Amino acid sequence: MDINEVYNKYKKVINNFISLFIIQSLNYLLPLITVPYLARVLGAKNYGKVIFAIAFITYFQIITDYGFNLSATRDISINKHNINKLNRIFTSVMLIKIIFAILSYFILWIVIKNFALFNNEYKLYLYAFGIVIGSALFPVWLFQGMEEMKYITYLNIITKGFVTFLTFVIIKNQTDYINYIKLNSIGYIMTGLLSLIIVFNKFKLKLIKVKFSDIKIMLIEGWHIFVTTILSSILTNTGPFILGIYIDKQTVGYYGAIDKIVKALSSLFSPLTQAIFPYVSSKFKLSFEEGKKEVYKFAKVVMPICLIITANLMLFSKYIVKILYGDSYVNYHKILMYLSIWILNGVLNNFIGIQYMVASGNGKLYSKAFTISAIVTLVCFISLIKHISYYSIIFGTILGELTLTIFMLFYNKKYIRQR
């Protein structure tokens, strides 16, 4: 098969990969431009407050997303040529997300009123909730399912660039940490509103009257992915949250800044895994063997690249941290060294869990494996509370990812391969 044939076969995947690659670069590489600046201007303590607030608000974002970024994406990709079905899916999902966003706001208010840890910085969390509102309005799942990710790229270039520019203009001293949260929330809300304009004008979708049964179906289909996403957050998001509760915001600042490097490099693989998900889902719909073959093809290309990046991070972690953040952060370079293992393991788990198990309709088994790995992670965090440090957080995170790999392989061998 020559290059032209390969391109024609995977044209949609390649185009969507390019779009998503740009998006993820903006999401994580732009922060690598701003984070060194913020770390110096805001100071580790106030930057730690920002990291802690975002880690906390992420839980509400997960509630409003409800796993639709995978379950609804799959439904849209299967029904992309049926306008009536698309309107029903779009309306049902948007209605659920709005309701969940409202409920999340009331929960946030209750937490702020009853816990001094949050009450002392209540404005920070209220402004940060704009991220949840913007996320609820932005139908990423629709663009992914329609395999039209270029529109997400355009929106992100506009809003992320806008926020990055204003960061250097507005953030000038340590007290501006709340203004930085405001900027992020405004960016998310702008993206959400502009995306809806595209949905109504480009795709000609509209909000229609839906039955309760339609909403129920979407909730049932998204449930296992929702549970998995919550559990995934335990593996990736709970660390900074626990550090902020039991240690101090300064340590959160050091950990969060270096963690940005890991997330940035990990994001380089997200565009490909997101782009191929609708593609392999459609292949699994036609034939299980055809879908499995496509997943293996992609994995054979991606995993060696991931291994090379991980090895280089471990070898040169000290120099990378020094170049990006300066001498004051060098003592924490081992955070980068050890967390780099998470990149390799995380990409592997995506291929096994998302591209193979979820795309083939085995999301329930994936959710079970994630439940076990999350429990292991939580037990590890709780058992080390008396000796809590960023080392224990890293250990628990990596242990959880390894547990997920083991149980997914177990379920795959015991159940899926026998079908």
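Preceding this section is the structure that the text describes.
Residues numbered from 1 in each chain as written. Predicted model: local features only at pLDDT ≥ 70, side-chain atom pairs only at ≥ 80, totals over all residues. Heavy atoms only, no water.

A. Representation of the packing of helix α10 (residues 150–170) against helix α11 (residues 177–202). Look at α10 against α11: their axes get within 9 Å of each other, and the N-to-C directions meet at 160°. In this view, α10 runs roughly antiparallel relative to α11, as classed from their interaxial angle. Of the two possible hands of crossing, α10 and α11 adopt the one that is right-handed. Residues Tyr151, Leu155, Thr159, Lys160, Phe162, Val163, Leu166, Thr167 and Ile170 of α10 pack against Asn179, Tyr180, Leu183, Gly187, Tyr188, Met190, Thr191, Leu194, Ser195, Ile198 and Lys202 of α11. Across the contact of α10 with α11, the residue classes break down as 12 nonpolar, six polar and two charged. (Axes fitted to C-alpha atoms, helices over the stretch in contact; angles between N-to-C directions. Helix = DSSP H or I, 4+ residues; strand = E, 2+ residues; numbered from the N terminus. Parallel < 35°, antiparallel > 145°, perpendicular 65-115°, else oblique. Left-handed = near helix turned anticlockwise from the far one by under 90°. Contact = heavy atoms within 4.5 Å. Nonpolar A, V, L, I, M, F, W, Y, C, P; charged D, E, K, R; others polar.)

B. Seen up close, the packing of aromatic side chains. Taken as a whole, this structure holds 35 aromatic pairs when the rule is applied. Taking the centre distance of 6.1 Å and the plane angle of 85° together, the rings of Tyr151 and Tyr154 count as edge-to-face. With Tyr151 and Tyr154 both in helix α10 and three residues apart, this pair spans about one turn of that helix. On the accessibility criterion, Tyr154 (46% relative accessible area) is partly exposed. Judged by centre distance (4.8 Å) and plane angle (75°), the ring pair of Tyr254 and Tyr329 falls under edge-to-face. In this pair, Tyr254 sits in helix α14 (residues 249–267) while Tyr329 sits in the loop between α16 (288–325) and α17 (333–358), placing the two residues 75 residues apart along the sequence. For Tyr254, a relative accessible area of 13% puts it in the buried group. Among the aromatic residues, ring-to-ring pairing joins Phe52, Phe56, Tyr59, Phe60, Tyr105, Phe106, Phe118, Tyr125, Phe129 and Phe241 into one connected group. Over the face of the ring belonging to Tyr188 we find Lys160, whose NZ or CZ atom lies 4.9 Å from the ring centre. (Phe/Tyr/Trp six-rings, centres within 6.5 Å; stacked < 30°, edge-to-face > 60°. Buried < 20%, exposed > 50% of the residue type's maximum accessible area, 1.4 Å probe, protein only. Lys NZ or Arg CZ within 6 Å of the ring centre and 35° of its normal.)

C. Up close: α10. With 21 residues, α10 extends 30 Å from end C-alpha to end C-alpha; this agrees with the ideal 30 Å at 1.5 Å per step. Of the positions making up α10, those classed as buried are Tyr151, Ile152, Thr153, Leu155, Asn156, Thr159, Val163, Thr164, Leu166 and Thr167. (Expected span 1.5 Å × (residues − 1).)

D. Broad picture of unusual backbone geometry. For Tyr66, which is not glycine, the phi torsion reads 50° and is therefore positive. Even without glycine at this site, Lys204 takes up a positive phi of about 60°.

E. Up close: the side chain of Thr34. Looking at the element boundaries, Thr34 is found in helix α2 (residues 11–41). If we skip the residues at most four places from it in the chain, Thr34 touches Thr164, Thr167, Phe168 and Tyr180.

F. Summary view of the environment of Val376. One can find Val376 in helix α18 (residues 363–383). Between the C-alpha atoms of Val376 and Ala257, which are 119 residues apart in sequence, the distance is 26 Å. Beyond its immediate stretch of four places on either side in the chain, Val376 contacts Leu399 and Thr403.

G. Structural detail: helix α13 (residues 238–246). With seven of its nine residues buried, α13 lies for the most part within the structure. Of the positions making up α13, those classed as buried are Thr238, Gly239, Pro240, Phe241, Ile242, Leu243 and Gly244.

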